[in-house]
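# Results of the structural survey
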Amino acid sequence: IHVVPPFHFSAVTPADTIVNYGDAIKLDAKGNAIAWVWLPVTYLDDPSLQSPTTKPEESIQYQVVGLDKYGCRDTGNVNIQVKYVPNFFILSAFSPNEDGHNDIFKIENLRFEKLLTFKVFNRLGQLVFSTQNKINGWDGTFNGKAAPADTYFYLIEVVLPDGEHQTFKGNVTLIR
């Protein structure tokens, strides 16, 4: 009688890890398996590979089941926590002089955030610009006329994919 030792993965990686939203990560199940199944299949490029790649949009736990040539199996887990790190930026000054450089005051590099509010106010608290479209920006006009060179105040509200609301307040200088 030939007794075969039980099959075990030598490592399932990464163990518990944190990735930024939008980043891909490679999973791996090390061992002498001949077949692998990763579950759930959500966000995986191929759940039957030993080392699939995932690009999760939310925190998730993957389980891998491996079978060796004798039909013995082992399981392992990978926990991935997804962090939503805003990567946009807001200029501190702009000059709407039609030279092609900083002519529009807008939010740069919005990727996965949903824009709820983008408002600009003058020193008197009057709303001079408002949008919910992340592509739009303020051209430095108010009531159809060029707004004066001055410091203006903005309020920006975004929602991250996990539902978290974030608010940004600050000022921008309009240069003429």
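Only a predicted model underlies this, so the values are computations on that prediction, with no experimental measurement involved. (Residues numbered from 1 in each chain as written. Predicted model: local features only at pLDDT ≥ 70, side-chain atom pairs only at ≥ 80, totals over all residues. Heavy atoms only, no water.)

Helix and strand counts for the protein come out as zero helices and 17 strands. A compact globule built from 176 residues should have a C-alpha radius of gyration of about 16 Å, whereas the protein, at 26 Å, is more than 25% larger. For the protein, the spread of C-alpha atoms along the principal axes amounts to about 95 × 30 × 20 Å. Residue burial in the protein is summarised as follows: out of 176 residues, 35% are buried. Approximately 10400 Å² of the protein is accessible, and the part contributed by carbon and sulfur atoms is 50%. (Helix = DSSP H or I, 4+ residues; strand = E, 2+ residues; numbered from the N terminus. Rg over C-alpha atoms; globule rule 2.2 N^0.38 Å. Buried < 20%, exposed > 50% of the residue type's maximum accessible area, 1.4 Å probe, protein only. Areas by Shrake-Rupley, 256 points an atom, 1.4 Å probe, with all protein chains shown as cover.)

With that settled, the discussion passes to a nonpolar patch on the surface. Together, Val37, Leu39 and Val41 give the surface a local cluster of nonpolar side chains, amounting to about 240 Å² of exposed area. Mapped onto the elements, Val41 comes out in the loop between strand S5 (35-39) and strand S6 (53-54). Under the relative-accessibility criterion, Val41 is labelled partly exposed at 46%. (Patch = residues over 30% accessible without salt bridge, like charges linked within 9 Å, V, L, I, M, F, W, Y side chains within 5 Å. Salt bridge = Lys/Arg side-chain N within 4 Å of Asp/Glu carboxyl O.)

What follows deals with the sheet that holds strand S16 (residues 150-159). Ordered in space as S10-S17-S16-S12-S13, the five strands form an open sheet in which the pairing is mixed. What marks the edges here is a single partner per strand, and that holds for strand S10 (93-94) and strand S13 (127-131). Sheet topology note: the S16/strand S17 (residues 165-174) ladder contains 10 bridges and is antiparallel. Across the sheet, Glu157 pairs through a bridge with Thr167, a residue of S17. (Pairing = 2+ DSSP bridges.)

As a further point, take the pattern of salt bridges. Tallied over the entire structure, the rule returns two salt bridges. For Asp28, the salt bridge identified is with Lys30, shortest N-O distance 2.4 Å. Given the relative accessible area of 38%, Lys30 is considered partly exposed. With a closest N to O distance of 2.7 Å, Arg123 and Asp150 form a salt bridge. Taken together, the residues Arg123 in the loop between strand S12 (114-121) and S13 and Asp150 in strand S16 connect sequence positions 27 residues apart. With a relative accessible area of 54%, Arg123 lands in the exposed category.

Moving on, we get to the nonpolar core. One finds Phe9, Trp38, Tyr62 and Ile80 to be the most contacted residues of the largest nonpolar core, which totals 21 residues. Contributing elements (two or more residues each) for this core: S5, strand S7 (60-67) and strand S8 (73-83). Grouped together as the second largest cluster of nonpolar side chains are 18 residues, Leu115, Ala147, Ile156 and Val172 included. (Core = buried A, V, L, I, M, F, W, Y, C linked by side-chain atoms within 4.5 Å.)

Where S12 meets S16, seven bridges bridge the pair, whose relative direction is antiparallel. Bridging across to S16, Leu115 finds its partner in Val158. Across four bridges, the pairing between S12 and S13 is antiparallel. Each bridged residue has a counterpart across the sheet, and for Val120 the counterpart in S13 is Phe129. Between S12 and the antiparallel strand that follows it, S13, lie five residues; Gly125 among them carries a positive phi value of about 85 degrees.

Secondary-structure assignment places Tyr152 in strand S16. By relative accessible area, which is 3% here, Tyr152 ends up buried. Linking Tyr152 and Leu174, residues 22 residues apart in sequence, is a C-alpha distance of 7.3 Å. Residues in contact with Tyr152, not counting those within four places in the same chain, are Val120, Phe121, Asn122, Val128, Trp138, Ala147, Gly170, Asn171, Val172 and Leu174. Within the structure, the side chain of Tyr152 is placed 2.7 Å from the backbone oxygen of Pro148, a separation counted as a polar contact. (Contact = heavy atoms within 4.5 Å. Polar contact = N/O pair within 3.5 Å; in protein donor to acceptor, adjacent residues only side chain to side chain.)

Turning our attention to the sheet that holds strand S2 (residues 16-20). What the four strands build is an open sheet, ordered S2-S8-S7-S5; its pairing is mixed. Looking at strand neighbours, the two that pair on one side only are S2 and S5, the edges of this open sheet. Each strand axis lies, on average, 25 degrees off the axis of its neighbour in the sheet, ignoring direction. Across eight bridges, S7 lies against S8 in antiparallel orientation. Counterpart to Gly66 in the pairing with S8 is Asp74. (Axes fitted to C-alpha atoms, helices over the stretch in contact; angles between N-to-C directions.)

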